[in-house]
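Read off the chains here:
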Amino acid sequence: MNLMSKKILIISKYASTLEFGFETRIATIARNMQKLGNEITIVTSDSNHFAKFEKFKKTFNVLIHNNLKIICIRTLKYKKTISVLRVLSWIDFEIKLFFMNKKNFFNKPDVIIVSSLSLITIINGLILKLFYNCKLVFEIRDIWPLVAVVEGGYSKYNPLIIMLSIVEKIGYKYSDLIVGTMPNLTPHVQNISGKKKSAECIPFGYKFKKSINNNLKDRLLTYRSFIDSKFTIAYAGSIGMSNGLETFVEVIKKMKKNKNIGFIFMGDGSYKNQIQETLKENDNVIFMPKVQKSEVQYYLKEFDVLYFSSLKSKVWDYGWSPNKIIDYMVSERPIIASYSGYKSMINEAKCGEFVEAENEIVLENMIIKFSKFNKTHLNNIGARGRKWIELNRSWNLITKKYLKIINNLFD
């Protein structure tokens, strides 16, 4: 079957396009698949904590966004990301999807892509696979229920976790293709399914823009003297308890007397006030507000080194593909990452260094090491990161790889 002629049905409860205020990875890939000649339909929900939807009166709503067909199912709303209502919203989506009169909304697909989360959508995917006699792709963005057990503190004997574990195993066993955003998902798939099945890595991509708005310069005037007078290492992003920033905070406290090195937090989150209180006696640290996604590159380029933090977690054994690291690498700044999982990207590009997560001593030593590099050396290290992203993470390249492995299912 030709690469350019497939009918692909994408089912993802949390898919959204820019028209909803936020474009998800799977929507960007879908848009690129369609540009390459495929017929794409996305089935999603209007219950999404990232995007904003109009108030639909009908249960099933057909929308066309830049020629991309989207079927939006009206489902139960929730406010807290960890709540019973969110789980009920998953179930509501699945029930309505099951009873939807499919022939009224899309043509018989050649391929169905079920993109988690919600994990339980794979059950509907398997039913549709049998009904249409088509290929089924199971796409994993977060490894559930492992994430809930390891990072959420849920018992593996929790009824919901047991149910999700069963769903996960069935999905891995009976899907035609398993795709993950992380590069080392295969060992997990084989452990859960009991089969020697491989998982393909289809990571997050990046769309390069021609220029950065130089009118943003005035916004840095408040921090200019601090940035220009020190070797700066910055953390940018969400400042929450799960971001593993305790090690960074302790290093900042220990390096208080080093007047040549400055630390920057750029972002917002529930843990920010506590960090500010902890470091209130430190004059080697500043806190900057959260900036818009479209502006983040301008700010990142102003710092000497960028810092990524994480806690030790079994989830990281299977690798990563965080948007933050892509933003860091595109900014052409060197990266220090506190990370003890499966390593990729930074080591492949040689644009920074990994240090053991939650280890203050090695992090402090690495910061001191980088602070002794001259500007030219730092710039050369950082430039390798952007070059690697250009060669490996364009959306067009990622989409073509995705279509190629889908096409292989028909050989």
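Starting afresh in each chain, residues are numbered from 1 along the sequence in its written order. Where totals are concerned, whole chains, interfaces and linings use all residues; where local detail is concerned, this predicted model gives features only for residues with pLDDT of at least 70, and gives and counts side-chain atom pairs only at 80 or more. Computation of side-chain values: all heavy atoms of the structure, hydrogens and water removed.

## Structural notes on the overall build of the chain
Right, so step 1: Counting from the N terminus, the helices are DSSP H or I runs at least four residues long and the strands are E runs at least two residues long. If you tally the helices and strands in the chain, you get 15 helices and 14 strands.
Right, so step 2: Here the C-alpha atoms of the chain give a radius of gyration of 23 Å, agreeing with the 22 Å that 2.2 N^0.38 yields for 411 residues.
Right, so step 3: Relative accessibility under 20% of the residue-type maximum defines a buried residue, over 50% an exposed one, and the middle range a partly exposed one, all with a 1.4 Å probe and only protein chains included. A total of 411 residues make up the chain; the buried ones form 55% of that total.
Right, so step 4: Put simply, 71% of the contacts in the chain that link residues at least 6 apart link residues at least 24 apart.
Right, so step 5: One finds the centroid of the 62 positive side-chain charges in the chain at a distance of 5 Å from the centroid of its 36 negative side-chain charges. When we talk radius of gyration, it's over C-alpha atoms, and the globule rule is simply 2.2 Å times the number of residues to the 0.38. Throughout, a contact is declared for two residues whenever any of their heavy atoms are within 4.5 Å. Note that His is not counted, nor are the chain ends; the positive residues are Lys and Arg, and the negative ones are Asp and Glu. Lysine's charge is taken at NZ, arginine's at CZ, aspartate's at CG and glutamate's at CD.

## Regarding the side chain of S331
Right, so step 1: Positionally, S331 belongs in the loop between α11 (323-330) and β13 (335-338).
Right, so step 2: If we skip the residues at most four places from it in the chain, S331 touches Q297, L300, K301 and L306.

## Focus: the pattern of salt bridges
Right, so step 1: Salt bridge, as used here: a side-chain nitrogen of Lys or Arg that lies within 4 Å of a carboxyl oxygen of Asp or Glu. Enumeration according to the criterion identifies 18 salt bridges in this entry.
Right, so step 2: A salt bridge links D228 to R224, with the nearest nitrogen and oxygen atoms 3.3 Å apart. Of this pair, D228 and R224 both sit in helix α7 (residues 224-229), separated by 4 residues, roughly a single helical turn.
Right, so step 3: Take R224: its relative accessible area is 23%, and that puts it in the partly exposed class.
Right, so step 4: D317 is the salt-bridge partner of K314, the closest N and O atoms lying 3.9 Å from each other.
Right, so step 5: Taking relative accessible area as the criterion, D317 reaches 35% and is therefore assigned partly exposed.
Right, so step 6: Where salt bridges share partners, they join E19, E23 and R31 into one cluster.

## Side note on helix α5 (residues 159-174)
Right, so step 1: A helix is expected to reach a length of 1.5 Å times the quantity of its residues less one. Between the first and last C-alpha of α5 there are 23 Å, a value that for 16 residues agrees with the 22 Å anticipated at 1.5 Å per step.
Right, so step 2: Listing the buried residues of α5 in full gives I161, L164, V167, E168, G171 and Y172. Viewed end-on, α5 has its buried residues packed into an arc of 130 degrees, placing them on one side of the element.
Right, so step 3: Contact partners of the buried residues in α5: α3 (121-132), β6 (135-140), α4 (146-150), β7 (177-180) and α6 (186-193).
Right, so step 4: For the purposes of these results, a polar contact is taken to be a pair of N or O atoms within 3.5 Å, where, inside protein, one atom must be able to donate a hydrogen and its partner to accept one; residues adjacent in sequence count only when each atom of the pair is a side-chain atom. The N-terminus of α5 is capped by N158, whose side-chain oxygen sits 2.8 Å from the backbone nitrogen of L160. Summarising the geometry, the arc corresponds to the directions from the helix axis toward the C-beta atoms.

## Observations concerning the sheet that holds strand β5 (residues 111-115)
Right, so step 1: Any two strands between which DSSP finds at least two bridges are classified as paired. In spatial order, the strands read β3-β4-β2-β1-β5-β6-β7-β8; together these 8 strands make up an open sheet with mixed pairing. Each of the sheet's edge strands pairs with one partner strand only, and the pair in question is β3 (60-65) and β8 (199-201). In this sheet, neighbouring strand axes are inclined to one another by 25 degrees on average, regardless of whether the strands run parallel or antiparallel.
Right, so step 2: In this sheet, β5 lies alongside strand β1 (residues 7-11) in parallel orientation, the contact comprising 4 bridges. The residue of β5 that forms the bridge with I10 is I113. Only the stretch in contact is used when a helix axis is fitted, and all axes are lines through C-alpha atoms; the angle between N-to-C directions ranges over 0 to 180 degrees.

## Focus: the nonpolar core
Right, so step 1: Here the nonpolar core consists of buried residues drawn from Ala, Val, Leu, Ile, Met, Phe, Trp, Tyr and Cys, with membership extended through side-chain atoms lying within 4.5 Å. Ranked by internal contacts, the top residues of the largest apolar core, which has 65 residues, are F248, F265, W320 and I336.
Right, so step 2: Look past the residues within four positions of F265 in its chain and what remains in contact with it is Y235, I239, L245, F248, V249, I252, I275, L279, V285, I286, F287 and M288.
Right, so step 3: With 42 residues, the next largest nonpolar core counts L119, I120, A148 and I178 among its residues.

## Topic: the sheet that holds strand β9 (residues 231-236)
Right, so step 1: If you walk across this open sheet you meet the 6 strands as β11-β10-β9-β12-β13-β14, and the pairing is parallel. The open sheet has two edge strands with one neighbour each: β11 (285-288) and β14 (352-355). Averaged over neighbouring strand pairs, the angle between their axes works out to 20 degrees when direction is ignored.
Right, so step 2: By the bridge criterion, 3 bridges tie strand β12 (residues 305-308) to β13 in an arrangement that is parallel. When the bridges of β13 are listed, L306 appears paired with I335.
Right, so step 3: Of the strands in this sheet, β9, β10 (261-266), β12, β13 and β14 are in contact with helix α13 (residues 360-371), which crosses β14 at around 165 degrees.

## Regarding the environment of Y298
Right, so step 1: Summarising the element assignment, Y298 is placed in helix α10 (residues 296-300).
Right, so step 2: Residue class for Y298 comes out buried when judged on its relative accessible area of 7%.

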